[in-house]
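Fold and contact review
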Amino acid sequence: MTNQQTTRVQITSGMFIAMIVNLIFVKAIGVTQGVIARAVGQDMWLATLLGTLQGVAVMYITYVAIRKTPNLDFMALSERLLGKWIAKVIALIIFLFFLAGFGPIMITFVYHLQEYFLPEAPLYLFIVAPLLVGLLGCFYGLEVMARLALVGLLFIFLLNVLIIMGSTNEFDIRNLLPVMENGFPRTFAASLNFDADWALATMLAAVVLPSVKNADKTGGKNGMIGIAASGLLTMIWPILEGAVLSAEVTSQYTVSCMKLARNAHMGHFLQRYEMIMIALYSIPVLFEVMFCIYATSISAAKIAGLKSNKAMIPIVSVILGCFGYWIVDDHFRAIDYLENYWPRIALPIAFGLPVLLLMLRLMLGKKLNKA
Amino acid sequence: MKRAAGLVITLIILLSQTSCFGLRQINELAIVTAVGLGLGDKPGTIKVSAQIIRPADARGQTGAPSGGTGQPIYSISAEGTSIFDAIRNLGRVSSRRVYWAHNFLIVMDEDYARKGIKDMVDFFTRNHELRMNTRVAVTPDLPDQVVSTITGLEVVPGEAVDRLFQNNHVVGRAPASDMMNLEEAFLSSSTEPVLARVQLKPRGISNKKPEEHGSLKQVELGGAAAFLGDKMVGWLSVKEARGLLFFLEKLGSGIEVVKCPNNDGVMSIEFKRARLKVTPSYANKEPKFGVRLTTEADIVESGCAIHLDEGIRQDAEEKLEQRLKSNIDSVIDKAQHRYHSDFLKLGDVFRNKYPEEWRVLKRDWNRTFSDAKIDVEVEATIKSGVLKSVGTEIR
């Protein structure tokens, strides 16, 4: 999609916030909390809180980098500042970021469905089906995806209300004590795992902020609200997982939110929330897949010098599908990638790219004004 | 062209969403409602017994519907070198695929529990089919007998035992152990697991032969099995289990029977709103715990045959305090001096208040716990005689 086309599509602030929440929430409540629980035990909610604060700061930097030219995304901005070839490099970085980010998204999606519901179904089904849905949504464009994210946000609220209601009986606050048992440095280090989740959201902002109405005035505020809302909606889960399951139990599972859902019950008749959870989870996780296709397709179009991203949608879908399949095919590889490789890819880009572009803007701002 | 492509994609999406993979028809399933685990006849093997619903007989009321056998359950057992292996071997006997999602109860025999339950905890938490509020208990009887005994008012015996656990807060003589709290205690570094005890007792009276009192065995829930790590170390009596519940669960109420001050009669006192508070302290590198139980109580039955005046009240309060203290002291004594296992969650309380000291003490916590000084204090206040008047005598 070109810049001209981008500016024609307008999404509201609410949609923008919803997109951020959808992109962060799905992995953060379960897969990430399992990783954090293995690092800092019952302090996982604190690590999530620290991660949220860092996310708010980086989102603000992303906004500041774009603020004065609200019609330009990171790729267009770098083209204006440093020329066509550097813009292609930035586009390649964004492409690789979302390609790498597709791994954890598929880990979340596949391990929820396959492990808990359809262990006998072939793996390709869990790759092809969401990609087809994502491809279709992406084909209809950003506005359709943004509207879908609004529905996803409603589902997330419902899911949180249900899990709170289903878990209060077993809530034992003693399981969350002592606070900061592992000390601040270790808790902060664990928060980097949540940083890898909001990294997707700040990069989303780097790509779609020009399409948000009044991005120059309210983009920063909305972005920060989005991250903060995601943090708060997510934080309910580590609190419940710690208090209901205990940190030791949470740390044992790849998808710890499903473990919480499996334990949840309302009275004696409404038991096992797994299916409810998946139903309410479907839109946000499909939005994640959709957005990965969208972001990789526009960055691939930029690299290839195409005016529209539509031709790239099927191509990037195949690339994402192959990569996703390779990652989730082997659990050992998946967990290794999730815990060791993905944060090392996500964090330098999510922290570094906004800071780099902000510095370039400060140094080469005059050039931009002349253009 | 675009429409054709759209149609093809839509069709592929629809085909991929039909959910036919992993399909299981309900009439092809053997729905397990209780499972027994014991040691197999051959050394190194495990015996799994399953109570399976017989759908034709389990629907509606008890008794045999037309075409049924009158037996709502079908029980089978198999052996294997692991639980999974034994379960797969059940498939050799069962005409339907064994399905675990509606299991109510896992009951282990004492020998199996003493050997270690690590594999059992792992299997039943690793398997996605099982629900986590499945009750878990240990029995001194044979588990295959327990799971094949028709017990309780429910059509399905597994459900009847589940109901015993659900109503456990009324009786308060065994912990309401399930997979959730077993897994939590099993993985915790600051507490040890404790499971309910179930056993067969001749409590049922046959309607056809009422003169043979107690001719039918029924499952009784009472007492507990204490563990150290994954191995059972011994039993707790119903009295000790009552004391245990104050530590593990919110045992809000219960009945205690005390002797009358003036005759050989007894008085039943229902304690209510019981609250247990554990206060840890640490001095001279030794942990110490203050345990304080406060409760209100009502006199719900009096065989004392005298007016319930202030003197009787004070006497009853003292006796109730002694009884409750005795319950708590007995379970503490067993935990500290007999089993050397902190299943009372005192380690949890200590860890929460003294995290730095815990880092050192946790390495050998059960020994430290065994030597710790624990002071128990009980305060009971009798507030009413329920419907009958107290205080002023009829003149």
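Keep in mind that this is a model prediction, so the values were computed, not measured.

1. Some details on the overall build of chain B
Scanning chain B for helices and strands turns up 14 helices and 13 strands. Counting only C-alpha atoms and orienting by the principal axes, one finds that chain B spans roughly 95 × 65 × 60 Å. Counting only residues that meet the buried cut, chain B has 49% of its 395 residues in that class. The long-range fraction of contacts in chain B, counting pairs at least 24 apart against all pairs at least 6 apart in sequence, stands at 70%. As displayed, chain B offers around 19,800 Å² of accessible surface, 51% of which is attributable to carbon and sulfur atoms.

2. As for the environment of P343(A)
Residue and element names in this part refer to chain A. Assignment of secondary structure puts P343 in helix α15 (residues 331–370). By relative accessible area, which is 11% here, P343 ends up buried. Residues P343 and M75, 268 residues apart in the sequence, show an inter-C-alpha distance of 23 Å. Those residues in contact with P343, other than ones at most four positions away along the chain, are N193, A196, Y337, L338 and P348.

3. Let's talk about the nonpolar core
Core analysis: the biggest nonpolar cluster contains 133 residues, and M19(A), F98(A) and F291(A) have the highest contact counts within it. Looking at this core, the element that brings in the most residues is helix α6 (residues 84–116) of chain A, giving 17 residues. The contacts of F291(A), once residues within four sequence positions are left out, are M19(A), L23(A), F98(A), L142(A), M145(A), L204(A) and V208(A). With 48 residues, the next largest nonpolar core counts A274(B), L293(B), I328(B) and W358(B) among its residues.

4. Some remarks on the domain arrangement of chain B
For interface size, the figure often reported is the accessible area lost on association. Residues and elements named next belong to chain B. Examined at the domain level, chain B breaks down into domain 1 (28–60 + 67–236) and domain 2 (239–395). Each of domain 1 and domain 2 has a C-alpha centre, and the two are 31 Å apart. Contacts between the two partners involve 25 residues from domain 1, matched on the other side by 25 residues from domain 2. Here domain 1 meets domain 2 over a buried area of about 1,800 Å², counting both sides, of which 54% is carbon and sulfur. Its largest share of buried area at the contact with domain 2, domain 1 owes to R173, S190 and L236, together 33% of the area lost on that side. Viewed at the interface, domain 2 and domain 1 are joined by zero salt bridges. Where domain 1 meets domain 2, there are ten residue pairs in polar contact (both at pLDDT 80 or more). Put simply, the parts of the chain that give the side of domain 1 that touches domain 2 at least two residues each are α8 (168–171), β8 (216–228) and β9 (231–236). The leading source of residues in the side of domain 1 that touches domain 2 is β8, at five residues.

5. Points about the pairing of β8(B)
Residue and element names in this part refer to chain B. Where strand β7 (residues 194–204) and β8 come together, eight bridges link them in antiparallel fashion. Counted as the bridge partner of V194 is A226 from β8. In this antiparallel pair of consecutive strands, β8 and β9, the connection spans two residues, and G229 shows a positive phi of 65°.

6. Some points on the sheet that holds strand β11 (residues 266–283) of chain B
Backbone-to-backbone hydrogen bonds pair the strands of a sheet. The strands run either parallel or antiparallel. Residues and elements named next belong to chain B. Strand order across the open sheet formed by four strands is β10-β11-β12-β13, with mixed pairing between neighbours. The open sheet has two free edges, formed respectively by β10 (254–259) and β13 (373–384), since each of these has just one partner strand. Strand-to-strand, the axes of this sheet are offset by a mean angle of 35°, without reference to chain direction. Where β10 and β11 come together, six bridges link them in antiparallel fashion. Paired with V258 across the bridge in β11 is M267.

7. Side note on the interface of chain A and chain B
Taken together, the 38 residues of chain A in the interface contact 32 residues of chain B. Carbon and sulfur atoms make up 52% of the surface buried where chain A meets chain B, a total of about 3,000 Å² over both sides. By the criterion of area lost to chain B, the three top residues of chain A are E181(A), R262(A) and R272(A), representing 18% of everything that side buries. In this structure, the connection of chain A to chain B is made through four salt bridges. For E183(B), the salt bridge goes to K259(A), with nearest N and O atoms at 2.8 Å. Linking chain A to chain B there are twelve residue pairs in polar contact (both at pLDDT 80 or more).

8. Brief notes about the packing of aromatic side chains
The way to describe two aromatic rings as a pair is by their centre distance and the angle between their planes. For the coordinates displayed, the defined rule picks out 23 aromatic pairs over all chains. Look at F97(A) and W342(A): their rings are 5.5 Å apart centre to centre, the planes differ by 50°, and that puts the pair in the tilted class. With F97(A) in helix α6 and W342(A) in helix α15, the pair connects residues that are 245 residues apart, well separated along the chain. By the burial criterion, F97(A) is buried, and W342(A) matches it. On the numbers, 6.4 Å between centres and 80° between planes, the contact of F289(B) with W365(B) is edge-to-face. With F289(B) in strand β12 (residues 286–302) and W365(B) in helix α14 (residues 365–371), the pair connects residues that are 76 residues apart, well separated along the chain. Accessibility assignment for this pair places F289(B) and W365(B) in one class, buried. Following the ring pairs from residue to residue traces out a cluster consisting of F97(A), F98(A), F287(A), F291(A), Y294(A) and W342(A). Across from the ring centre of F139(A), 5.0 Å away, lies the NZ or CZ of K310(A), which sits over that ring. Directly above the ring of W235(B) sits R197(B), whose terminal nitrogen or CZ lies 5.1 Å from the centroid.

9. Re the environment of A47(A)
Residues and elements named next belong to chain A. Its place among the elements puts A47 in helix α4 (residues 44–67). Its relative accessible area of 0% is what places A47 among the buried residues. Filtering out sequence-adjacent residues up to four positions away, A47 remains in contact with I36, V40, T187, A190 and S191.

10. Considerations on the state of the cysteines
Tallied over the full model, the rule gives zero disulfides over all chains. No disulfide involves C138(A); its sulfur sits 10 Å from that of C292(A), the nearest cysteine.

11. Topic: the pattern of salt bridges
With the rule as written, the count across this model stands at 33 salt bridges over all chains. Here R273(B) and E296(B) are joined by a salt bridge, their closest N and O atoms 2.9 Å apart. Taken together, the positions of R273(B) in strand β11 and E296(B) in strand β12 put the pair 23 residues apart, joining distant regions of the chain. E377(B) serves as the salt-bridge partner of R292(B), at 2.7 Å between the closest nitrogen and oxygen. Taken together, the residues R292(B) in strand β12 and E377(B) in strand β13 connect sequence positions 85 residues apart. Residue R292(B) is classed as partly exposed on the basis of its relative accessible area, which comes to 32%. The network of salt bridges with shared partners includes E181(A), E248(A) and R351(B).

12. So, a nonpolar patch on the surface
A grouping of I255(B), V257(B), V266(B), V300(B), V386(B) and L387(B) is seen on the molecular surface, where their side chains present a nonpolar patch of about 520 Å² in accessible area. Here V266(B) is to be found in strand β11.

13. Quick look at helix α2 (residues 13–28) of chain A
Counting along an α-helix, one turn takes 3.6 residues, and residues three or four places apart therefore face a common direction. Here α2(A) contains 16 residues, and its C-alpha end-to-end distance of 23 Å stays within 8% of the 22 Å for a straight helix at 1.5 Å per residue. Along α2(A), 14 of the 16 residues are buried, which leaves the element largely enclosed by surrounding structure.

14. Points about the packing of α2(A) against helix α13 (residues 274–304) of chain A
Residue and element names in this part refer to chain A. With their axes 9 Å apart at the nearest point, α2 and α13 run at an angle of 105° to one another. For the element pair α2 / α13, the angle class is roughly perpendicular. Mapping the contact onto sequence places M19, N22, L23, V26 and K27 in α2 and Y281, I283, P284, V285, F287, E288 and F291 in α13. Tallied by class, residues from the contact of α2 with α13 come to nine nonpolar, one polar and two charged.

What counts as what
- Residues numbered from 1 in each chain as written.
- Chains lettered and ligands numbered in written order.
- Predicted model: local features only at pLDDT ≥ 70, side-chain atom pairs only at ≥ 80, totals over all residues.
- Heavy atoms only, no water.
- Helix = DSSP H or I, 4+ residues; strand = E, 2+ residues; numbered from the N terminus.
- Buried < 20%, exposed > 50% of the residue type's maximum accessible area, 1.4 Å probe, protein only.
- Contact = heavy atoms within 4.5 Å.
- Areas by Shrake-Rupley, 256 points an atom, 1.4 Å probe, with all protein chains shown as cover.
- Core = buried A, V, L, I, M, F, W, Y, C linked by side-chain atoms within 4.5 Å.
- Domains from an automatic or database assignment.
- Buried area = accessible area lost by both parts, 1.4 Å probe.
- Salt bridge = Lys/Arg side-chain N within 4 Å of Asp/Glu carboxyl O.
- Polar contact = N/O pair within 3.5 Å; in protein donor to acceptor, adjacent residues only side chain to side chain.
- Pairing = 2+ DSSP bridges.
- Axes fitted to C-alpha atoms, helices over the stretch in contact; angles between N-to-C directions.
- Phe/Tyr/Trp six-rings, centres within 6.5 Å; stacked < 30°, edge-to-face > 60°.
- Lys NZ or Arg CZ within 6 Å of the ring centre and 35° of its normal.
- Disulfide = S-S within 2.5 Å.
- Patch = residues over 30% accessible without salt bridge, like charges linked within 9 Å, V, L, I, M, F, W, Y side chains within 5 Å.
- Expected span 1.5 Å × (residues − 1).
- Parallel < 35°, antiparallel > 145°, perpendicular 65-115°, else oblique.
- Nonpolar A, V, L, I, M, F, W, Y, C, P; charged D, E, K, R; others polar.

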